[in-house]
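Residues per chain are reported as follows:
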Amino acid sequence: MSGYEGEASSGPTPAPRRADKPLPAICDPNHLLHRVVVLVFMCFLGFGSYFCFDNPASLQTQVIKDLDQNTAGFMQLYAWYSWPNVVLCFFGGFLLDRVFGIRLGTIIFSLFVCVGQVIFATGALVNRFWLCEVGRFVFGIGGESLAVAQNTYAVNWFKGKELNLVFGLQLSMARLGSTVNMNIMGWVYSKVADLVGSPGHFTLGISLMIAGVTCLFSLFCALVLGFLDKRAERILHKEEGKTGEVVKLTDVKDFPFPLWLIFIICVGYYVAIFPFIGLGQVFFIEKFNFSPAEARAVNSIVYIISAPASPVLGFLVDKTGRNVIWVLIAVVTTLAAHMMLAFTFWNPWIAMSVLGASYSLLACALWPMVAFVVPEHQLGTAYGFMQSIQNLGLALISMVAGTILDTRGYLLLEVFFCTCVCSELFCLSVLLLGLNQNRGDLNRSASSRASLLKEAEE
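Predicted model only: the values in this text are computed from it and were never measured.

> Would you take a moment to explain a nonpolar patch on the surface for this structure?
A cluster of nonpolar side chains, contributed by Met339, Phe343, Leu411, Leu412 and Val415, occupies part of the molecular surface with about 430 Å² of accessible area. At the level of elements, helix H17 (323–343) and helix H21 (410–433) are the ones that each hand at least two residues to the nonpolar patch. Ranked by residues supplied to the nonpolar patch, first place goes to H21 with three residues. Mapping leucine 412 onto the fold places it in helix H21. Judged by its relative accessible area of 39%, leucine 412 falls in the partly exposed class.

Shown next, in the form of structure tokens:
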């Protein structure tokens, strides 16, 4: 006897269940249209974080002048963002998996981003630079972990469907946030100065508060995503998404030599990109006689190019393989771009465009290489360690770059960045020369990898 008949014999016939009625496509978690709606909120989840991350770069001259800082002090704003992530890169995934859960964790990290930006802006309002540094530290606690949460949502909703495209779109939206920030914050500052009556720390603080609205928007997206994910869990009877990361510090001792070379390449490359962008505005004003608006525009071209280029170049690397060769091309072209900026007076749009394409290519080719040299159960530890070292390098080099600029000027700073890039060339040479037998997968063609994978499955 069926369950329905049993219920009928013991009481009134129940009304038809609403769950049996098909859901509209836009409300059905299984339907592409609903996933597109989720993707929109997913992409904007990190928009505020990336928009406000480069607030100091877009307002470099104003921050230094209004808060009475030298360049070394200014670069501390980036160092304080990186310091908490030297540790949190290991434990962000653990907190999302085991402590908060993806929904609550995303909301908490979004709150850290919002609160950090408010503290940063308040420090400018009251002209207390130490409070600005505290704000950037709090902002950093949320920023990187929010990116982990964003990736977890992507895997949870799109694994086995449109995941590669989704990762590309998320990266593009992140770069769009950075680009909009670079090109709009100077205008916002000038409009606030007109309303207040004069530039100064109060004007700077109001401008940063206005920028913080993007963080509130991202918090709203986190709340909506939490609701939609909870609803999908109830309808589809699925588990809450997890990062899948397993962090074991003891795995570090088992890392192969090629992985350590990859770590060095990662640090050497990114410290020649982000600190330069952080200091770039004044460089273009002083060396090329650009207006502040022109300087902000050329300084943002790296992000503008990487937004559409990342998905395309990622597809290219996927189809061809040969990751080490692609990384080598990215490093050589990056070195050429820095040398053009340092030793020539060619139009900087050329060098910065090359830098934008190289940056996109390296990101697509370098990060997947980790999976070729460590077993799957060590991936969480390897990526966490890679991000940790990257943030440690960015924190230290940000301070070094500021000191070099204060004492020696932009020419020596560019020579320093060129030296960092050259260190990557040495590591890549070691990989290509095959000094470690375990590095074979790093430069295989895509067809060769596919054949090996097929043989392993058989």
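Having seen it, we continue.
> Please clarify how the pattern of salt bridges should be interpreted in this entry.
Opposite charge on two side chains permits pairing when their charged atoms draw close. What the rule picks out here adds up to three salt bridges. Arginine 103 is paired through a salt bridge with glutamate 233; the nearest N and O atoms lie 3.1 Å apart. Residue arginine 103 is found in helix H8 (residues 102–125), and its partner glutamate 233 is found in helix H12 (residues 213–236); the two are separated by 130 residues along the sequence. Taking relative accessible area as the criterion, arginine 103 reaches 11% and is therefore assigned buried. For glutamate 233, the salt bridge goes to lysine 230, with nearest N and O atoms at 3.9 Å. Residue glutamate 233 and its partner lysine 230 are located together in helix H12, separated by three residues, close to a single helical turn. A single salt-bridge network, built from bridges that share partners, covers Arg103, Asp229, Lys230 and Glu233.

> It is not clear to me how the environment of leucine 362 should be interpreted in this structure. Could you clarify?
Mapped onto the elements, leucine 362 comes out in helix H18 (residues 348–366). By relative accessible area, leucine 362 is classed as buried at 0%. Spatially, the C-alpha atoms of leucine 362 and glycine 314 are 9.6 Å apart, while their sequence positions differ by 48 residues. Non-local contacts of leucine 362, meaning those with residues more than four positions away in its chain, are made with Tyr269, Tyr270, Val327, Ala330, Val331 and Trp367.

Conventions we followed
Residues numbered from 1 in each chain as written. Predicted model: local features only at pLDDT ≥ 70, side-chain atom pairs only at ≥ 80, totals over all residues. Heavy atoms only, no water. Patch = residues over 30% accessible without salt bridge, like charges linked within 9 Å, V, L, I, M, F, W, Y side chains within 5 Å. Areas by Shrake-Rupley, 256 points an atom, 1.4 Å probe, with all protein chains shown as cover. Salt bridge = Lys/Arg side-chain N within 4 Å of Asp/Glu carboxyl O. Helix = DSSP H or I, 4+ residues; strand = E, 2+ residues; numbered from the N terminus. Buried < 20%, exposed > 50% of the residue type's maximum accessible area, 1.4 Å probe, protein only. Contact = heavy atoms within 4.5 Å.

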